[in-house]
Amino acid sequence: MNDFFVGIDLGGTRVKLGLMKEDALIDKKIIPALAQQGLAASLPVIKNDIESLLQANNIGKKRFKGIGFGFPGLVDPQSNKILSTNAKYDDALNMRVDDWVKENWNVDFFMDNDARLAAVGEWKFGAGKSTNDLVVMTIGTGIGTSVITEGKLLRGKHFQAGCLGGHISVVYNGRMCNCGNRGCVETYASTWALKERIEQHKNFDKSSLSNVPVIDFETLFTEADNNDALAIEFKNDCIELWSAAVVNLIHAYDPEVVVIGGGVMQRHEELIPLIKSKVHQHAWTPWGKVDIRASTLLADAGLYGAVYCLQHKI
Ligand SMILES: [Zn+2]
């Protein structure tokens, strides 16, 4: 008889739930996130969706063994404490997700930073399988990063090592970020920042981006394809910013491979070669060239990582 697990990836825009049979993803659900309403408002919705995933697949209590949970903030996985949030689920600091799991299902539980779990997913099952020295950067509502070095998931003294690559400054005197720093790559080239920057641009009214229902990377790239000048400017700018962040991550962590994930990687055939050439031009790597790859698990990376960490207690 096989054991079943649920992986949860709590994003800023969407919540992903995956049902895993051992380490195979057999079913999933994607629901809109209630990041601004908070974690307390989100948990009852997530509970219902977990129940419906289990029911739809006829998984009874005996075969359901645990929940792995990725949270978009700093997390202490030893005590299951949420240590810090950044403009998403800000009520979560004093909440105990482990107690919620115990009360509802009484199964094993593991939680960590969402980007860290996505990195474990890529390392064990995805684009980083071939290496033990890996940096993963996920571009979404924010920009999450995580590091595997010498075969070990990097956590650091305060559980924040490798996680804050989105808050590496790429413009030292630039825009203020939610985190308190200036010029973070996330405050320029993540979905939330992109929308703000484009709407504030002096040429916004003249751009076709002023007519799209939602400004995100998908609409940005579509309008760039349609030769909208502002869209082309922002697209090129984002590629420069992501490349600068990758160079910084390479200088900090000495990886063999950098995996880039997030919805933008639906355009990986176009984007990866552009990022690669900029990074290879600027990164100091006398031993050779860091391989830069698109995520192969995309939105599922965090689900695989959450359940892997739960099963293996890494
Ligand atoms: Zn920041």
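See the structure above.
Residues numbered from 1 in each chain as written. Predicted model: local features only at pLDDT ≥ 70, side-chain atom pairs only at ≥ 80, totals over all residues.

Caption draft 1: Structural context of the pairing of strand β8 (residues 134-139). Counting buried residues along β8, 6 of its 6 residues qualify, which places the element largely inside the surrounding structure. Residues Leu134, Val136 and Thr138 line one face of β8 and the alternating positions Val135, Met137 and Ile139 line the opposite face, and both faces are buried. Looking at chain direction, β8 and strand β9 (residues 143-149) are connected through 6 bridges and run antiparallel. Within β9, the position partnered with Thr138 by the bridge is Gly144. Taken together, β8 and the strand that follows it, β9, pair antiparallel across an intervening segment of 3 residues. Here β8 pairs with strand β11 (residues 257-261) via 5 bridges, running parallel. Looking across to β11, one finds that Met137 is bridged to Ile260. (Buried ≥ 20, exposed ≤ 12 C-beta atoms within 10 Å, placed from the backbone. Helix = DSSP H or I, 4+ residues; strand = E, 2+ residues; numbered from the N terminus. Pairing = 2+ DSSP bridges.)

Caption draft 2: Structural context of unusual backbone geometry. Notably, Asn58 is not glycine yet its phi reads approximately 55°, a positive angle. We note that Phe159 has phi near 65°; this positive angle belongs to a residue other than glycine. Under the C-beta neighbour-count criterion, Phe159 is labelled partly exposed, with 19 such atoms within 10 Å.

Caption draft 3: Representation of helix α1 (residues 39-56) within the structure. Taking 1.5 Å per residue as the helical rise, α1 with its 18 residues ought to reach 26 Å, and the 25 Å between its terminal C-alpha atoms agrees with that figure. For α1, every residue scored as buried is listed here: Leu39, Ile46, Ile50 and Leu53. Projected onto a plane normal to the axis of α1, the buried residues spread over an arc of 65° and lie on a single side. Exposed and oriented more than 90 degrees from the buried face of α1 are Pro44, Asn48, Glu51, Ser52, Gln55 and Ala56. Close packing links the buried residues of α1 with β1 (4-10), β2 (14-21) and β3 (24-32). Asn58 sits one or two residues past α1 and shows a positive phi near 55°. (Expected span 1.5 Å × (residues − 1). Arc of directions from axis to C-beta. Contact = placed C-beta atoms within 7 Å.)

Caption draft 4: Broad picture of the pairing of strand β6 (residues 81-84). Both strand β5 (residues 74-76) and β6 contribute to a ladder of 3 bridges, which runs antiparallel. Across the sheet, residue Leu74 finds its bridge partner in β6, namely Ser84. Once β5 ends, the chain turns through 4 residues before running back antiparallel as β6, passing Asn80 with a positive phi of about 55°.

Caption draft 5: Quick peek at the nonpolar core. The biggest cluster of nonpolar side chains holds 93 residues, and the ones touching the most others in it are Met137, Ala245, Val246 and Val258. Broken down by element, the residue count for this core peaks at 12 residues, all from helix α7 (residues 229-253). In this structure, Val246 is in contact with Met137, Val258, Ile275, Val279 and Ile292, ignoring residues within four places of it in sequence. (Core = buried A, V, L, I, M, F, W, Y, C linked by C-beta atoms within 7 Å.)

Caption draft 6: Looking closely at the sheet that holds β9. Strand order in the open sheet formed by 5 strands is β10-β9-β8-β11-β12, and the pairing between neighbours is mixed. Every other strand in the sheet has two partners, leaving β10 (152-153) and β12 (291-294) as the edge strands with one partner each. Along the sheet face, α7 touches β8, β9, β11 and β12 and points at about 155° away from the line of β8. Sheet strands touched by helix α8 (residues 268-282): β11 and β12. Its angle to β12, the strand with the most contacts, is close to 160°. (Axes fitted to C-alpha atoms, helices over the stretch in contact; angles between N-to-C directions.)

Caption draft 7: Structural view of the environment of His280. As for its placement among the helices and strands, His280 is situated in helix α8. Taking the C-alpha atoms as reference points, His280 and Asn181, separated by 99 residues in sequence, lie 27 Å from one another.

Caption draft 8: How the structure looks around the sheet that holds β2. If you trace the 5 strands from one edge of the open sheet to the other, you get β3-β2-β1-β4-β7, paired in mixed fashion. Strands with a single pairing partner mark the edges of an open sheet, and in this sheet they are β3 and β7 (108-113). Put simply, the sheet's adjacent strands are angled 15° from each other on average, direction ignored. For β2 and β3, the ladder comprises 8 bridges, and the chain directions are antiparallel. Bridging across to β3, Leu19 finds its partner in Asp27.

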